[in-house]
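The primary structure of each chain is shown beneath.
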Amino acid sequence: MADLVGIYAASHGPMIVRSWDVLPPASKHTLTTAFAEVGRRINAAKPDVLIVISPDHWVNFFLDNLPSISIGVGETHDGPPEPWLNDFPHKQLAGHASLAQHITEHVFNCGFEPSVSYKLALDHGFCIPLWKAGIDPLPAIVPIIINTVEAPFPSAARCFDFGRSIAEAVNRYEGSLRVALLATGGLSHSIGEATMGQIDEAFDRECLQHFASGDRDVLLKFLERKMPLAGNGAAEVRNWAAAHGAAGARGFDLIHYSAMPEIYVGCGFAAWGVDKNINTNK
Ligand SMILES: [Fe+2]
């Protein structure tokens, strides 16, 4: 049986890499510290496999073919195609086809019909958090893409339930594996629209408060009502909702939040309670 040993979330704004050299030192310190803490917790959890839930920013899919959910079931995945991520240390990332197929089969039995891909390229949504968090060694990756870039979007409740099904699948996997889950994206941000660059700090803080409260229904109603008003990038909070579902809507631990207009993103970093029992001294 596999064990779900940790659930985490981190923002992934491109400017974290593209503008790194010109960011104020205080911003670099904030981001470095927050990512390092996420990485410290993931490294302490010693996962064999890391399920990463991210958007796809028009790399694998476009308007002619835009699945709501896609699971990467390949043996390997390509590294990021963005030229400004050329220094990302992995041109290819190992997958875990067996667990990915098992998750796919289980979620189908739960009423979800994700597409599958045997060859995904993992863009900055996946790779910025993996890189900046300093996850070493990099475990096998099961990439899961939730469409949070172009409507129609899966509802927050649907994403929550999908995350719960992922956790069920992990618990029913017959191989002995330590599995962690990392959701990336959000919080509020606005890209390529009239409100470009705006951050809705009030939304972000209320959002985090609802994650921490553990009241699933209040959180999901809040997200459905307020996500569309917090910039197009806020749609990515659906990935956090999936992580929240995987964690059973409990144990939310905010690692850090900062509204960071210099990178256009309300940056959040969090862990859920399933890693509370992990001995981080080992
Ligand atoms: Fe994004």
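Residues numbered from 1 in each chain as written. Predicted model: local features only at pLDDT ≥ 70, side-chain atom pairs only at ≥ 80, totals over all residues. Heavy atoms only, no water.

Undergrad: Quick question: what am I supposed to make of the environment of C127 here?
TA: With respect to the helices and strands, the residue C127 is situated in helix α4 (residues 124-132). For C127 and P25, which are 102 residues apart along the polypeptide, the C-alpha to C-alpha distance reads 23 Å. Those residues in contact with C127, other than ones at most four positions away along the chain, are P80, F88 and L122. (Helix = DSSP H or I, 4+ residues; strand = E, 2+ residues; numbered from the N terminus. Contact = heavy atoms within 4.5 Å.)

Undergrad: Could you clarify how one ought to interpret the layout of surface pockets in this entry?
TA: The rolling of a water-molecule-sized probe over the atoms marks out the regions of remaining empty space. The volume enclosed by the largest pocket comes to roughly 450 Å³. Lining the largest pocket are 19 residues, with P14, H57, H124, H189 and I191 positioned closest to its centre. Counted by class, the lining of the largest pocket contains nine nonpolar, eight polar and two charged residues. Roughly 170 Å³ of volume is contained in the second largest pocket. (1 Å grid on protein atoms, 1.4 Å probe; cavity = no way out; pocket = protein on both sides within 12 Å on 5 of 7 lines; lining within 4 Å. Points joined across faces, edges and corners; volume = space filled by probe spheres on them. Nonpolar A, V, L, I, M, F, W, Y, C, P; charged D, E, K, R; others polar.)

Undergrad: I'm lost on the packing of helix α5 (residues 156-172) against helix α7 (residues 216-226) in this one. Help?
TA: Pairs of packed helices are described in terms of their axes, by the angle between the two and the distance that separates them. Running from N to C, α5 and α7 point in directions that differ by 135 degrees, and their axes come no closer than 9 Å. In terms of their interaxial angle, α5 and α7 are classed as oblique. Residues A156, A157, F160 and D161 of α5 lie in contact with α7, whose contacting residues are R216, L220, L223 and E224. Within the contact of α5 with α7, the residues separate by chemical class into five nonpolar, no polar and three charged. (Axes fitted to C-alpha atoms, helices over the stretch in contact; angles between N-to-C directions. Parallel < 35°, antiparallel > 145°, perpendicular 65-115°, else oblique.)

Undergrad: Can you help me understand the confidence of the model for the chain in this one?
TA: In low-pLDDT regions, the fine details of the predicted coordinates are not to be read closely. Per-residue confidence for the chain gives a mean pLDDT of 95; residues scoring 70 or more make up 97%. With pLDDT under 50 throughout, residues 275-282 is counted as low confidence; its partners more than four residues away or in other chains account for twelve contacts. (pLDDT = per-residue confidence, 0-100.)

Undergrad: Got a minute to help me understand empty space enclosed by the protein in this structure?
TA: Considering all chains together, one arrives at one cavity of 30 Å³ or more under this definition. In this structure, the largest cavity spans a volume of roughly 50 Å³. Forming the boundary of the largest cavity are D56, W58, F61, L66, P67, I145, I146, N147, T148 and V149. Taken together, the residues that form the lining of the largest cavity break down as seven nonpolar, two polar and one charged.

Undergrad: Hey, could you run me through the environment of E168 in this one?
TA: The residue E168 is located in helix α5 in this model. On the accessibility criterion, E168 (28% relative accessible area) is partly exposed. Between the C-alpha atoms of E168 and I103, which are 65 residues apart in sequence, the distance is 8.7 Å. With sequence-adjacent residues up to four places away left out, E168 is seen in contact with H106 and C110. (Buried < 20%, exposed > 50% of the residue type's maximum accessible area, 1.4 Å probe, protein only.)

Undergrad: I tried to follow unusual backbone geometry on my own but got confused; where do I start?
TA: Excluding glycine, a negative phi dihedral is what most residues carry, and trans is how most peptide bonds are arranged. Cis peptide bonds are those with omega within 30 degrees of zero, and the linkage from D136 to P137 qualifies with 0 degrees. Of the consecutive residues G186 and L187, the connecting peptide bond is found in the cis state with omega at -5 degrees. Phi at K46 is positive, roughly 50 degrees, even though this residue is not glycine. Examined against the element boundaries, K46 turns out to sit in the loop between α2 (25-45) and β2 (49-54). Phi at W58 takes a positive value of approximately 65 degrees, unusual for a residue other than glycine.

Undergrad: Where do I start with a nonpolar patch on the surface in this structure?
TA: On the surface, W58, F62 and L63 cluster together into a nonpolar patch covering about 320 Å² of accessible area. You can see W58 is positioned in the loop between β2 and β3 (69-72). (Patch = residues over 30% accessible without salt bridge, like charges linked within 9 Å, V, L, I, M, F, W, Y side chains within 5 Å. Areas by Shrake-Rupley, 256 points an atom, 1.4 Å probe, with all protein chains shown as cover. Salt bridge = Lys/Arg side-chain N within 4 Å of Asp/Glu carboxyl O.)

Undergrad: Even after reading the chapter, I still don't get helix α6 (residues 201-213), so can you show me in this structure?
TA: Since there are 3.6 residues in each turn of an α-helix, residues three or four apart along the chain are aligned in direction. Over its 13 residues, α6 extends 18 Å from the first C-alpha to the last, a length consistent with the 18 Å expected when each residue adds 1.5 Å. Taken together, the buried positions of α6 are occupied by F203, D204, C207, L208, H210 and F211. Seen along its axis, α6 keeps its buried residues to an arc of 160 degrees; they face one direction. Exposed and oriented more than 90 degrees from the buried face of α6 are A202 and Q209. Buried residues belonging to α6 abut α7, α8 (237-246), β9 (253-260) and β10 (265-271). Among the residues trailing α6, G214 stands out with phi positive, at a value near 80 degrees. (Expected span 1.5 Å × (residues − 1). Arc of directions from axis to C-beta.)

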